[in-house]
Amino acid sequence: MLAFFNSLPGAVALGIVWGIMAIGVYITYRILDFADLTVDGSMAAGGAVFVTCALTGMNIYVSMLMAFICGCLCGLATGIFYTLFGIPPILSGILTQIGLYSVFLDIVGKSNQGISVDSYNLIMSMRNVKPSIIAGLIITAVIIAALYWFFGTEMGHSIRATGNNKNMAKANGINTNVNAIIALVLSNGIVALSGALLAQYQGYADVSMSRGAIVTGLAAVIIGEVIFGKIFKNFALRLTSVVIGGIIYYIAVTFVVSLGLPSNDLKLFTALVVALFLGVPFWKNKIAAKRVKRVEGGAENA
C-alpha cells in the first residue's frame with residue numbers, strides 16, 4: 001500500500017494529461033455524437049510534432065502550438081473523409097488513424113524519440129511531479145474556459161444542434177457538414193495537445209503511446225458522467241468531470257498495478273472498466289422501470 005500512496009502524485013499528473021485528451025473525446029462522442037477513432041493516431045502525432053519541433057530549438061510553447069495544429073489537421077482529414085467522401089464515422093477515423101502511423105514515422109524518423117528535462121524547460125515532467133500537476137491544472141482550466149466560451153457562441157450552439165438532431169439542424173439552415181468538420185478539428189487539436197504534454201511528462205514520444213487512447217478517453221468520460229452527472233449540470237462543470245474521471249481512472253489503474261496486476265493486462269482492465277461504467281446507466285434504467293411496474297401493479301390491485 002505504501003507504494004500505491006507514493007505513486008498517487010504521478011497518477012494524478014497522468015490523469016490530468018489523459019483527462020485533457022478525454023475532453024477532446026467528449027466533444028465528438030457527446031456533443032457531436034460522432035464515434036471518432038482518430039484520437040488513437042492524433043495523440044501520438046501531437047507528441048511526435050512537439051518533440052521534433054523542440055529538438056530543433058523551437059520554443060516549448062510554440063512547439064505545443066504546432067502539435068495542436070497537427071491535431072487539427074488530423075481532425076480535418078477525418079472530417080473530409082466523412083463529409084466529402086461519405087465514409088461512415090468509424091471508418092473515417094480508422095483510415096486517418098492508420099495513415100497517422102506512417103506520418104509519425106516520417107516526422108520522427110524512427111519509432112520513438114526522447115526529450116530530456118535537463119536540456120529543455122519542459123512544462124511537465126515525471127521528475128517534477130508536483131509542479132507538473134499545477135501546470136496541468138492551469139492548462140486544463142484554460143482549455144475548459146475557452147471551450148465554455150466557444151460553445152456559448154452561435155457556432156458552438158449550431159455544433160450542439162448538429163449533434164442533437166442532424167436532420168432538424170439541416171431543416172433550420174445549419175451546415176451540418178461544416179459543423180462536423182469544425183468539431184473534429186477542435187477535438188483532435190486538443191487530443192494532440194495532450195499528446196504533447198504526455199511526451200513531455202514521460203520524456204519521449206512513441207508511435208504506440210496513444211494505442212487504445214479512445215478507450216481510456218471513454219473511460220474518463222463515462223466515469224465522470226456516472227459519478228458527477230446528477231451534480232454537474234453546467235457545461236464547464238461537465239468538462240471538469242471528464243478530467244476528474246481521468247484522474248480517478250489512473251488512480252484505479254495505479255491501485256490495481258500495486259496489487260500485482262501484470263502491465264500487459266492494463267488494456268484489458270481498461271476495457272472492463274469502460275464496459276462496467278457504460279452498463280451502469282442501463283442497469284439504473286432497468287431497475288427504475290421495474291420499480292415503476294411494481295408501483296403501477298400495486299395501484300391496480302388496490
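Keep in mind the model is a prediction, meaning the values are calculated, not measured.

Thresholds applied
Residues numbered from 1 in each chain as written. Predicted model: local features only at pLDDT ≥ 70, side-chain atom pairs only at ≥ 80, totals over all residues. Heavy atoms only, no water. 1 Å grid on protein atoms, 1.4 Å probe; cavity = no way out; pocket = protein on both sides within 12 Å on 5 of 7 lines; lining within 4 Å. Points joined across faces, edges and corners; volume = space filled by probe spheres on them. Helix = DSSP H or I, 4+ residues; strand = E, 2+ residues; numbered from the N terminus. Nonpolar A, V, L, I, M, F, W, Y, C, P; charged D, E, K, R; others polar. Core = buried A, V, L, I, M, F, W, Y, C linked by side-chain atoms within 4.5 Å. Buried < 20%, exposed > 50% of the residue type's maximum accessible area, 1.4 Å probe, protein only. Contact = heavy atoms within 4.5 Å. Phe/Tyr/Trp six-rings, centres within 6.5 Å; stacked < 30°, edge-to-face > 60°. Lys NZ or Arg CZ within 6 Å of the ring centre and 35° of its normal.

Chemist: Hey, could you go over the layout of surface pockets for me, with residue numbers and the actual values?
Modeler: What the largest pocket holds in volume is close to 500 Å³. As for the largest pocket, its lining consists of 18 residues, and the residues nearest its centre are L14, W18, Q202, M209 and Y250. Listed by contribution, the elements that provide at least two residues to the lining of the largest pocket are helix 1 (2-31), helix 8 (176-202), strand 2 (204-206), helix 10 (235-258) and helix 11 (266-301). Of the residues contributing to the lining of the largest pocket, the split by class is eleven nonpolar, four polar and three charged.

Chemist: Pulling in residues and values, what's your account of the nonpolar core?
Modeler: Ranked by size, the top nonpolar core spans 78 residues in total, and within it I23, I27, F50, I143, L147, F151 and I190 carry the most contacts. Not counting residues up to four positions away in its chain, the partners in contact with F50 are I60, S63, M64, A67, I115, L122, A196 and Q200. By size, the runner-up hydrophobic cluster in this structure holds six residues, among which are A45, V49, C74 and L100.

Chemist: Residues and numbers for the packing of aromatic side chains, please.
Modeler: This model, assessed by the stated rule, comprises seven aromatic pairs. Each ring, one from F150 and one from F151, has its centre 5.2 Å from the other, and the planes form 80°; the classification is edge-to-face. Overall, the relative accessible area of 1% leaves F151 in the buried class. An angle of 10° between the planes, with centres 5.1 Å apart, marks the rings of F228 and F232 as stacked. Summarising the burial analysis for this pair, F228 and F232 share the class buried. Geometry around F235 places R160 over its ring, the cationic atom sitting 4.5 Å from the centre.

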